[in-house]
Each structure stands twice: as structure tokens, then as C-alpha cells.
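Chains, contacts and geometry: an overview
Listed below, chain by chain, are the residues.
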Amino acid sequence: MNNPYLPYPVSIDKIVTETEDGSLKTFRFVFKNPEDEQKFKYTPGQFAELSIAGKGEVPIGIASSPTETGFLVFTVNKVGLVTSYLHNMKEGDVMGIRGPLGNWYPWEEMEGKNVVIIGGGFAFTTLRSSIVYMLHPDNRPKFKDITVIYGARTPGMLLYKDELAAWEQRDDINMHITVDGTDDPNWKYNVGFVPAVTEQKAPNADNAYALVCGPPIMIKFTQPVLNKLGFTPEQIIMSLEMRMKCGIGMCGRCNIGKEFVCKDGPVFTLEQLNQTPREF
Ligand SMILES: Cc1cc2nc3c(=O)[nH]c(=O)nc-3n(C[C@H](O)[C@H](O)[C@H](O)COP(=O)(O)OP(=O)(O)OC[C@H]3O[C@@H](n4cnc5c(N)ncnc54)[C@H](O)[C@@H]3O)c2cc1C
Ligand code: FES
């Protein structure tokens, strides 16, 4: 991309309402100019700025995997000006995507290792990208055991329900889905907070990496559990969601200490974060 401020034009190909309260929708975009897809080469863990003329831009994690071609997927929580406008857009509408931005999960270092994915709430988006990427037949042999612990407040707040059900059926991924609580008598998975389920289900830390993405409260209580299981700060990888503007390290909106979350992150090891001021 020559001008990093210039979005690629895209149209909304498909919209799925993910959660029962309608707060989270998944948008599938296709590039208006097919050659732009070749320029938008991304790796799981990266994000992009979704750009709506006259409204603004929002940084959103890329939920699709580069192994899925012909489209990009983003799941968006309706919280404010731009995300509310996006939620009212329709299939066929045209807007912009700027990116890909930021760094990504350390895929080369994770090869030959067990990977534990721990996610909560809408932060599961780039973890969905990572799971789809690792399960692709070209990539699955590169990783050892894959364990996923994913929690939502209620069954109706889970994302990607059809895919979760399909992953549950596979024997090359260990799925542990949990909800904080439910009165659904047909609920067949776990009930309990993510840190407690992690303590019960996560394998030990030998030869493993943990990718952790979720609300601050989940991260706060999952960290000591991982420590107890033997994970060192170098083995715990997190993705941060600071407020951002330019997304390319120019405006100084997102820095913690000397790191720009948009450019040096959003993916950091806990070891790296331990060396920065605790602003996140
Ligand atoms: C790297 C990265 C990846 C992200 N991935 C996703 C994703 O996959 N899906 C998703 O729904 N959201 C994601 N976010 C958060 C998303 O960018 C914000 O929710 C969005 O910018 C809000 O824009 P708005 O105009 O709708 O809200 P505004 O009108 O600007 O603000 C509304 C409310 O949201 C809060 N807010 C605004 N920006 C952020 C932010 N960056 N983080 C936390 N709170 C914020 C404000 O404090 C305010 O309370 C990500 C953020 C970053 C930095
Ligand atoms: S958002 Fe501008 S420097 Fe990071």
C-alpha cells in the first residue's frame, strides 16, 4: 500500500448477527478491486481500520484467516458512533478498509509447540482467525495439541456458534466452551468463569504457548492461573486494545511507555508488558 492513510474500497457481502442482544455482528467484506486483495496480505493477530466516509475509522481485529480467500471478516461490538453506524449498514453497501496493521502472533516460534487459546467476549475475533489458520490442512501438522478455552456471559452471547459446534466434533482440537451462567437445561458445555475452566482444563506449560485475549477482568484472573500451571511471562501472549487513531505509529495516541500499541503491538508477551508502565 503506497499511502498508508488510504483505505481500500470494499463492499459488505454478508452480515450475521452473532449474539442474542444484537450487540455483535460479523461483517464479511469483498474488495471492489480484486487486485487489492493481493496487496492486503495479513497474518492472524493483525487488525485493520474500518473506514466510513464522513463518520470515521475504528480499529478492529481481523477475524478471518489468510487461509480463507476472497473475503475479509470482522466482528464488531456496537459501542459508539462509528460502530453503531456500521451496525445499521446493509449488505451491498460500500466503505473502506485500511491495513493490515500491527504485528501478529509469533507463528514461527509456536511451531512444534502446544498452543492454548484462552478467549472471552468479543476479543475472540483474532483467536477465531488463529484457530482457522492452525486447523488448515497445510498448517495443522506444524502444531502439537491445540486447546481452546472460550467463555461468554451466556450461551446467547457466544460468537461463531456453528463453527464452535464443528470444532467440538473434531479430534485434532480440544474445545472447552464455557458460560458464566445459564438456565438453559440443554446447555451441554461448561459453566464457570474462564480462569476457573483454564485451571481445570489447560495442559501444563511444557513446550506450550498461551494466547490470551479478553476483557481486562478475565486477563487479570487468568494470569495467576497460567503462572500456577507453569507458564512463564515469555510463554503468555496477549493482544491489547488501546484507543487508536492513525494505526501506523504517527499520532502518538496509543503508546504505553515507548511502545506504540498500533505498530509494535497489539500482540505482546507478558514479559514485554511487564517492562512497560501498567496503563493497559
Ligand atoms: C487493535 C484493536 C483491535 C480491536 N478489535 C475489535 C474487534 O475485533 N471487535 C470490536 O468490536 N472492537 C474491537 N476493538 C475496539 C474498537 O476499536 C472500539 O470499540 C471502537 O473504536 C469504538 O468506536 P466507536 O466510534 O463506535 O465508539 P466511540 O464513539 O469512539 O466510543 C464509544 C465508547 O467506546 C469506548 N471506546 C472507544 N474506542 C475504544 C477502544 N479502542 N477500546 C476500548 N473502548 C473504546 C469509548 O471510551 C466509549 O465509551 C479493537 C480495538 C483495537 C485497538
Ligand atoms: S494510533 Fe497513532 S501512534 Fe498508534
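Here we summarise the structure given alongside this text. (Residues numbered from 1 in each chain as written. Chains lettered and ligands numbered in written order. Predicted model: local features only at pLDDT ≥ 70, side-chain atom pairs only at ≥ 80, totals over all residues. Heavy atoms only, no water.)

For the rest of this paragraph, the subject is the site of ligand 1. With respect to spatial proximity, 20 residues lie near ligand 1, and among them P59, T75, N77, V82 and T83 are the closest. G61 is positioned with one of its backbone polar atoms (N or O) 3.0 Å from a nitrogen atom of ligand 1. Within the contact set of ligand 1, an oxygen atom lies 3.1 Å away from a side-chain nitrogen or oxygen of T125. Out of a free accessible area of 870 Å², ligand 1 has 74% covered by protein chains. (Near = heavy atom within 4 Å. Polar contact = N/O pair within 3.5 Å; in protein donor to acceptor, adjacent residues only side chain to side chain. Areas by Shrake-Rupley, 256 points an atom, 1.4 Å probe, with all protein chains shown as cover.)

Overall, mixed pairing links the 7 strands, which are arranged β10-β9-β8-β7-β11-β12-β15 in an open sheet. The open sheet has two edge strands with one neighbour each: β10 (190–191) and β15 (267–269). As paired elements, strand β12 (residues 236–239) and β15 share 3 bridges and run antiparallel to each other. Its bridge partner being in β15, S239 is matched across the sheet by V267. Against the sheet, helix α4 (residues 125–135) engages β7 (114–120), β8 (146–152) and β11 (208–213), with an angle of about 150° to β7. (Pairing = 2+ DSSP bridges. Helix = DSSP H or I, 4+ residues; strand = E, 2+ residues; numbered from the N terminus. Contact = heavy atoms within 4.5 Å. Axes fitted to C-alpha atoms, helices over the stretch in contact; angles between N-to-C directions.)

Another aspect to go through is unusual backbone geometry. A cis amide bond, omega 0°, links G99 with the succeeding residue P100. Of note, the amide linkage connecting G265 to P266 takes the cis form, showing an omega dihedral of 15°. Mapped onto the fold, P266 is located in the loop between β14 (259–260) and β15. Its identity is not glycine, yet Y160 carries a phi of approximately 55°, on the positive side. With respect to the helices and strands, the residue Y160 is situated in the loop between β8 and α5 (161–169). Judged by its relative accessible area of 6%, Y160 is buried. One non-glycine residue, N207, adopts positive backbone phi at about 55°. By the secondary structure assignment, N207 is in the loop between α6 (194–201) and β11. (Buried < 20%, exposed > 50% of the residue type's maximum accessible area, 1.4 Å probe, protein only.)

In short, geometric facts, not functional conclusions.
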